[in-house]
Amino acid sequence: MTCTTPLSFIRKYNKYNSIFKCITSLNPRVSISGHHDDSKPLLLLKDCISTAHWASSCGSYLSFPHEHDCHLINKLNERFCLVAKTSTPLFNTNIQTLHQSLGVCRNSYDLTKTAGGSSGGSACAVRLGMAPFAMGSDMLGSVRIPAAFNGIVGIKSGQFGIDGHWPPVSLQEANDILHWGFFSQNVHSLGQLMQILVELGLVQASEFQDSHETTPLKLLFTSHFDEVPTDFRIIETFDSTKHLLASQGVHITTSNECPFDMNIMQMTFRNLSEDLSFSIFSHRERWMGVPNPISQKREKLPRHEMNRKSIQKKIDEILETVDAWILPVTPTLPFSHSIRAQPTELLVNPDRRKEISYWKNTAYVTPTSISNHSVLTIPLGMSRSMNEDLPLPVGAQVICKSLGDCLRVGKQLESMLPKIPAPSVDANVQHYFQRQQQDEKL
């Protein structure tokens, strides 16, 4: 049951937050036990946005006070109850969520696994039903990865901007790479959220005007890139989903050939994000004494801007013939917590495990981080249970021409696919602590 009032939220917060560590602070301006306006749904904020008299920690042990609400918060306050802020890794620079003070944000399907990052706290809280909606931010999968790992939906789009982000970044530094995003339990409720954002003037209504349901739906399915080792359980889920949709009249084209040079793509993203990364790491160095790994701002290389336009063009060409490109979010399922960026493990087949480098997990999200296309993340299904591995959500990126198309295609897919089971949270918590006790005895 998803919480609808501050009081129901605080009850679930008291029950679960000491275990899952997804909430960092409560809004001091919200009365927990007082009257609640039922027309205002609960919305959680990622702990990196400027809110008056409500400090941000941005994943650190520090507290950064803000004198004023940013424009985005002023608008959201009109229609939402902003009840709490959610956990993020230090300065939002990780694909798992480990808050310096709060600790590891856990996955409610398997507490030994990560909730993803950097918006893991928001995704985890929505999956636990603490609120119907939550905000995140996305530069290199920070909305898409947590949405996939927690079996919920997430949306990232340049339409949302990055107003009020902390540490502060300029639009020039963001360079169309860093944006706010949103989470919800399903596409239908996400559509309701988008309608409110349109009414608030935070999203252009024109994004939805030309988006009409098409029958039959035309999709390009990519279960993996041939160049990227991918867990066979993800490929298996993609293949079964493809057959299920085809049986319902969806026109499906399949291609596992990567349309981009992976090395050039990674270099392009690194160069395009250089100013933004330098700015964030400079704040970290000034406030915390952590050395900046980037020695200085570097001039944008013209060839990388050309590469970016080439990637944009190739994705646009794909979307000329289909309604959406369906692509994995990561090559692995939710992986075990790692304080440092250790290699992560996947199953090549039922009998063979393989390690891939930590940042290889961003291979599937990098193209649309560069191209700035709107992307909806939806759950496709659950992986099969293997040995001691519990079934885990398998998510997919739905890449479309516009934000409106993402929601249109997402709603059509949601009506055709079986709903994935919610986690048995209490049973999973009990199972986790029993395993902890057994390990301690050994």
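Here goes a summary of the coordinates provided. (Residues numbered from 1 in each chain as written. Predicted model: local features only at pLDDT ≥ 70, side-chain atom pairs only at ≥ 80, totals over all residues. Heavy atoms only, no water.)

1. Considering the pattern of salt bridges
Applying the stated rule across the entire model yields twelve salt bridges. Among the salt bridges present, the one from Asp426 reaches Lys15, with a minimum N-O distance of 3.4 Å. Taken together, the residues Asp426 in helix α14 (residues 425-441) and Lys15 in helix α1 (residues 6-20) connect sequence positions 411 residues apart. Here Asp231 makes a salt bridge to Arg233, at a shortest N to O gap of 2.9 Å. The pair Asp231 / Arg233 is uniform in exposure class, with both members buried. (Salt bridge = Lys/Arg side-chain N within 4 Å of Asp/Glu carboxyl O. Helix = DSSP H or I, 4+ residues; strand = E, 2+ residues; numbered from the N terminus. Buried < 20%, exposed > 50% of the residue type's maximum accessible area, 1.4 Å probe, protein only.)

2. Quick notes on the packing of helix α6 (residues 187-199) against helix α13 (residues 403-416)
Following both chains from N to C, one finds α6 and α13 inclined at 155°, their axes separated by 9 Å at the closest point. Classified by the interaxial angle, the pair formed by α6 and α13 is roughly antiparallel. Where α6 crosses over α13, the two elements pack in a sense that is left-handed. Across the interface between the two elements, Val187, His188, Leu190, Gly191 and Met194 from α6 touch Leu403, Leu407, Gly410, Lys411 and Glu414 from α13. Its residues placed into classes, the contact of α6 with α13 shows five nonpolar, three polar and two charged. (Axes fitted to C-alpha atoms, helices over the stretch in contact; angles between N-to-C directions. Parallel < 35°, antiparallel > 145°, perpendicular 65-115°, else oblique. Left-handed = near helix turned anticlockwise from the far one by under 90°. Contact = heavy atoms within 4.5 Å. Nonpolar A, V, L, I, M, F, W, Y, C, P; charged D, E, K, R; others polar.)

3. Quick notes on the pairing of strand β14 (residues 344-349)
Two elements, β14 and strand β15 (residues 352-356), share five bridges in a ladder whose sense is antiparallel. From the neighbouring strand, Glu345 faces β15, where its bridge partner is Glu355. Joining the antiparallel neighbours β14 and β15 is a turn of two residues. (Pairing = 2+ DSSP bridges.)

4. Focus on the packing of aromatic side chains
All told, the structure shown has 17 aromatic pairs when counted by the stated rule. For the pair Phe91 and Trp287, a centre-to-centre distance of 6.1 Å together with 15° between the ring planes defines the contact as stacked. Here Phe91 is found in the loop between β3 (81-86) and β4 (98-99), whereas its partner Trp287 is found in helix α10 (residues 274-288), with 196 residues between them in sequence. Consider the rings of Phe335 and Tyr358, whose centres lie 5.9 Å apart with planes at 75°: the pair is edge-to-face. With Phe335 in the loop between β13 (324-328) and β14 and Tyr358 in the loop between β15 and α12 (366-371), the pair connects residues that are 23 residues apart, well separated along the chain. Note on Phe335: relative accessible area 4%, which makes it buried. Taken together, Phe64, Phe91, Trp166 and Trp287 form an aromatic cluster joined through their ring pairs. The positively charged end of Lys85 is found above the aromatic ring belonging to Trp54, 4.9 Å away from the centroid. (Phe/Tyr/Trp six-rings, centres within 6.5 Å; stacked < 30°, edge-to-face > 60°. Lys NZ or Arg CZ within 6 Å of the ring centre and 35° of its normal.)

5. Observations concerning helix α2 (residues 71-79)
Among the residues of α2, those classed as buried are Leu72, Ile73, Lys75 and Leu76. The arc that holds the buried residues of α2, viewed along the axis, is 165°, so those residues lie on one side. On its buried face, α2 sits against β2 (42-46), β3, β8 (133-138), β10 (179-184) and α6. (Arc of directions from axis to C-beta.)

6. Details of the pairing of β3
Within β3, six of the six residues are buried, which leaves it mostly tucked inside the rest of the structure. One ladder, built from three bridges, connects strand β1 (residues 23-26) with β3; its direction is antiparallel. From the neighbouring strand, Leu26 faces β3, where its bridge partner is Ala84. As judged from the five bridges shared by β2 and β3, these two strands associate in the parallel manner. When the bridges of β3 are listed, Leu45 appears paired with Lys85.

7. Considering the side chain of Ser122
Relative to the elements of secondary structure, Ser122 occurs in helix α3 (residues 120-127). Using a relative accessible area of 0% as the deciding quantity, one classes Ser122 as buried. Within the local environment of Ser122, its side chain forms a polar contact with the side chain of Thr86, the two groups lying 2.7 Å apart. A polar contact is formed between the side chain of Ser122 and the backbone oxygen of Met135, at a distance of 2.6 Å. Setting aside anything within four residues of it in sequence, one finds Ser122 in contact with Lys46, Thr86, Ala134, Met135 and Phe183. (Polar contact = N/O pair within 3.5 Å; in protein donor to acceptor, adjacent residues only side chain to side chain.)

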